[in-house]
Amino acid sequence: MLILSLVLAGLLVVLDQLLKLYISSNFELCTSVIHRYFTFSIGSFDIFSITHIRNDGAGWSILGGQTTFLIAFTSIVLIVILVYMVIKRKKIGTLEYLTLSLIIGGGIGNLIDRFRMLIDPDFTGVVDYIALDFIDFPVFNFADMCVVVGGIGVCIIYILQESKESKAKKHANAVHNDDDAEQLQGDEK
């Protein structure tokens with residue numbers, strides 16, 4: 001399952017890079033988020049639009065201009081996830097592999113753009129292109145969606161696992177206490 005999850009992560013990276021290449025090749029770089037190229041609407045309600053911008057920071061342009069730090073941080077997180085997957089490979093379920101693959105694929109997708117920023121002075125930031133029209137939210141890309149969905153999935157998995165383990169522990173304690181009570185009653189007779 002480890003190999004399949006890494007293949008999935010690789011496919012996500014390829015898809016992310018193809019989407020970014022398509023956007024960069026076909027949509028002029030916007031100088032403001034107000035300039036939208038294509039809007040997807042349901043009736044008169046606008047859902048999202050294609051808006052090609054570049055972001056030299058993380059989400060919400062946090063740590064703008066800190067490319068080296070973002071490369072180092074992302075690389076460390078990806079290495080930790082990969083080591084975890086190798087060490088725990090026999091204990092990880094399919095859904096957990098899937099969520100970790102999403103994080104790896106998205107992380108590498110944006111990492112490639114950040115490396116390009118260091119190499120090519122004309123490449124000014126991570127290619128972002130999805131603007132939500134119904135809410136004031138930063139423009140993002142496919143890699144960002146992978147990381148967020150994977151991160152939420154991992155959190156849900158761990159919360160459910162912790163809840164399951166807690167219930168099992170309570171049940172084991174209750175059974176143990178019942179056994180102790182029966183033994184005490186037997187000793188009193």
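To be clear, the structure that these remarks concern was listed above.
Residues numbered from 1 in each chain as written. Predicted model: local features only at pLDDT ≥ 70, side-chain atom pairs only at ≥ 80, totals over all residues. Heavy atoms only, no water.

So, on to the pattern of salt bridges. Enumeration according to the criterion identifies two salt bridges in this entry. For the salt bridge of Lys20 with Asp16, the shortest nitrogen-to-oxygen distance reads 3.0 Å. Taken as a pair, Lys20 and Asp16 lie in helix α1 (residues 2-26) at a separation of four residues, close to a single helical turn. Among the residues examined, Lys20 registers a relative accessible area of 2% and is labelled buried. When the shortest N-O distance is used, the salt bridge between Lys20 and Asp113 registers 3.2 Å. Placement of Lys20 in helix α1 and of Asp113 in helix α3 (residues 94-119) is noted, with a sequence separation of 93 residues between them. Several salt bridges share partner residues, and in doing so they unite Asp16, Lys20 and Asp113 into one network. (Salt bridge = Lys/Arg side-chain N within 4 Å of Asp/Glu carboxyl O. Helix = DSSP H or I, 4+ residues; strand = E, 2+ residues; numbered from the N terminus. Buried < 20%, exposed > 50% of the residue type's maximum accessible area, 1.4 Å probe, protein only.)

With respect to the element layout, Phe140 can be found in the loop between β3 (126-132) and α4 (142-188). For Phe140, a relative accessible area of 13% translates into the label buried. Excluding anything up to four places from it in sequence, Phe140 contacts Asp128, Tyr129, Ile130, Leu132 and Met145. (Contact = heavy atoms within 4.5 Å.)

Another point: the sheet that holds β3. One open sheet holds the three strands; their spatial order is β1-β2-β3, and the pairing between them is antiparallel. Of all strands in the sheet, those bounded by a partner on one side alone are β1 (38-42) and β3. Taking each pair of neighbouring strands and ignoring which way they run, the sheet shows an average axis angle of 20 degrees. Bridging between β1 and strand β2 (residues 45-55) involves five bridges; their strand directions are antiparallel. (Pairing = 2+ DSSP bridges. Axes fitted to C-alpha atoms, helices over the stretch in contact; angles between N-to-C directions.)

Turning next to a nonpolar patch on the surface. Taken together, the side chains of Phe45, Trp60, Ile62, Leu63, Phe69, Phe73, Val77, Phe134, Ile135 and Phe137 make up a nonpolar region of the molecular surface, amounting to roughly 1,000 Å² of accessible area. The element that contributes the greatest number of residues to the nonpolar patch is helix α2 (residues 67-87), accounting for three residues. By secondary structure assignment, the location of Phe69 is in helix α2. (Patch = residues over 30% accessible without salt bridge, like charges linked within 9 Å, V, L, I, M, F, W, Y side chains within 5 Å. Areas by Shrake-Rupley, 256 points an atom, 1.4 Å probe, with all protein chains shown as cover.)

Summarising the element assignment, Thr74 is placed in helix α2. Beyond its immediate stretch of four places on either side in the chain, Thr74 contacts Gly107, Leu111 and Arg114.

Bringing the nonpolar core into the picture now. Grouped together as the largest cluster of nonpolar side chains are 14 residues, with contacts concentrated most on Leu12, Ile23, Val127, Tyr129, Phe142 and Cys146. Taken together, the elements giving at least two residues each to this core come down to α1, α3, β3 and α4. When residues of this core are assigned to their parent elements, the largest contribution, four residues, is made by β3. Discounting residues that sit within four places of it in the chain, Val127 has contacts with Lys20, Ile23, Ser24, His52, Ile53, Arg54, Asp113 and Asn141. (Core = buried A, V, L, I, M, F, W, Y, C linked by side-chain atoms within 4.5 Å.)

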